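Residue-level structural notes
Take a look at the letters that make up each chain.
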Amino acid sequence: MLGLKLPTDPRWVNIVEKNIDEILTDHAYCEQKAASTAISLIVSFPEYTELVEEMIALSREEMGHFKMVHDLILQRGKTLGRDRKDEYVIELLKFFPKGGSRTTQLVHRLLYAALIEARSCERFRLLSEELEDKKLADFYYKLMVSEAGHYTMFLKFARKYGQLEEVNTKWNNLLEYEAQIMKDLGTKESIHG
Ligand SMILES: [Fe+2]
Ligand SMILES: [Fe+2]
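The text that follows walks through the structure, step by step, so that each part is easy to find. (Residues numbered from 1 in each chain as written. Chains lettered and ligands numbered in written order. Predicted model: local features only at pLDDT ≥ 70, side-chain atom pairs only at ≥ 80, totals over all residues. Heavy atoms only, no water.)

What about the overall build of the protein?
When helices and strands are tallied, the protein shows seven helices and zero strands. Taken from N to C terminus, the helices and strands of the protein fall in the order α-α-α-α-α-α-α. For 193 residues, the compact-globule formula gives about 16 Å, and the C-alpha radius of gyration of the protein, at 16 Å, lands near that figure. Of all 193 residues assigned to the protein, the portion counted as buried reaches 47%. A separation of at least 24 residues holds for 82% of the contacts in the protein among residues at least 6 apart in sequence. For the protein, the accessible surface area stands at approximately 9700 Å², while carbon and sulfur atoms represent 54% of it. (Helix = DSSP H or I, 4+ residues; strand = E, 2+ residues; numbered from the N terminus. Rg over C-alpha atoms; globule rule 2.2 N^0.38 Å. Buried < 20%, exposed > 50% of the residue type's maximum accessible area, 1.4 Å probe, protein only. Contact = heavy atoms within 4.5 Å. Areas by Shrake-Rupley, 256 points an atom, 1.4 Å probe, with all protein chains shown as cover.)

Considerations on empty space enclosed by the protein
Counted under the stated rule, the structure contains one cavity of 30 Å³ or more. The space that makes up the largest cavity amounts to roughly 30 Å³. Looking at the largest cavity, the residues that line it are D26, Y29, C30, K33, D83, R84 and D86. A breakdown of the residues in the lining of the largest cavity according to their chemical character gives two nonpolar, no polar and five charged. (1 Å grid on protein atoms, 1.4 Å probe; cavity = no way out; pocket = protein on both sides within 12 Å on 5 of 7 lines; lining within 4 Å. Points joined across faces, edges and corners; volume = space filled by probe spheres on them. Nonpolar A, V, L, I, M, F, W, Y, C, P; charged D, E, K, R; others polar.)

A short note on the coordination of the iron ion (ligand 2)
Coordination of the iron ion (ligand 2) by the protein comes from E62 (OE), E117 (OE), E117 (OE), E147 (OE) and H150 (ND1), over a distance range of 1.9 to 2.4 Å. Of note, the iron ion (ligand 2) draws all its donor residues from one chain, in the sequence arrangement E-x54-E-x29-E-x2-H. In this structure the iron ion (ligand 1) is found 3.4 Å away from the iron ion (ligand 2), and E62 serves as a bridging donor for the pair. Taken together, the residues span a long stretch of sequence, with E62 in helix α3 (residues 49-75) and E117 in helix α5 (residues 102-130) at a distance of 55 residues. The class for E117 is buried, based on a relative accessible area of 7%. (Donors = N, O, S within 2.8 Å, 3.2 Å for Na, K, Ca; no water.)

Some details on the nonpolar core
The biggest cluster of nonpolar side chains holds 61 residues, and the ones touching the most others in it are L51, Y88, L110, L111, Y140, F154 and W171. Those elements that provide at least two residues to this core are α1 (11-17), α2 (20-44), α3, α4 (87-93), α5, α6 (134-161) and α7 (164-183). A total of 14 residues in this core trace back to one element, the largest contributor, which is α5. Setting aside anything within four residues of it in sequence, one finds W171 in contact with L111, A114, L115, Y151, L155 and R159. (Core = buried A, V, L, I, M, F, W, Y, C linked by side-chain atoms within 4.5 Å.)

Some points on the environment of L92
Assignment of secondary structure puts L92 in helix α4. Judged by its relative accessible area of 0%, L92 is buried. Excluding its chain neighbours within four sequence positions, the residues that come into contact with L92 are Y112, L115, I116, L174, Y177, E178 and I181.

Some thoughts on the state of the cysteines
Enumeration over the complete set of coordinates arrives at zero disulfides. Considering cysteine sulfurs only, C121 is the nearest to C30, which forms no disulfide, with 13 Å between them. Judged by relative accessible area, C30 falls into the buried class, the value being 16%. (Disulfide = S-S within 2.5 Å.)

That's the geometry; what it means functionally is another story.
Rendered as structure tokens:
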């Protein structure tokens, strides 16, 4: 699914189910960071008009997701906790060399975003299929569909702005690299942990 090389062990859902409040806080920040990523792409690459247009829409949509998760936290009688560091994202960033041309930097940021969307989508699908709480499962199903669309969009832009063959090779290498990271994850109650 989504080109990912290593599927998440379904037992991860058992860990999540024991601490729904924890996963919701982590998830809320994933949505907020997705919105921030979209805004930051606008600031860094303002001359890419089509990208800017899509990022305006995306930042709104991701903040909409943030609100949905935040509402859910409030409905459960809780308040949003503090942000946590995301080991997955930290490890993922190590794949990309610093510097390079402006186009290279853009392609790297698009591939990075595409992969995070793809893995989030895979995790949401698992939650939608495996969670005992059917209302929550339904919530994750809807988000899974959105994130799949975002993954496709980021990859499309990377292929459009970069050199196609080079982008495809990088994407493939990134998928291999990500699979290695995922071997040590899937044990925590966080969206990427
Ligand atoms: Fe989202
Ligand atoms: Fe997204």
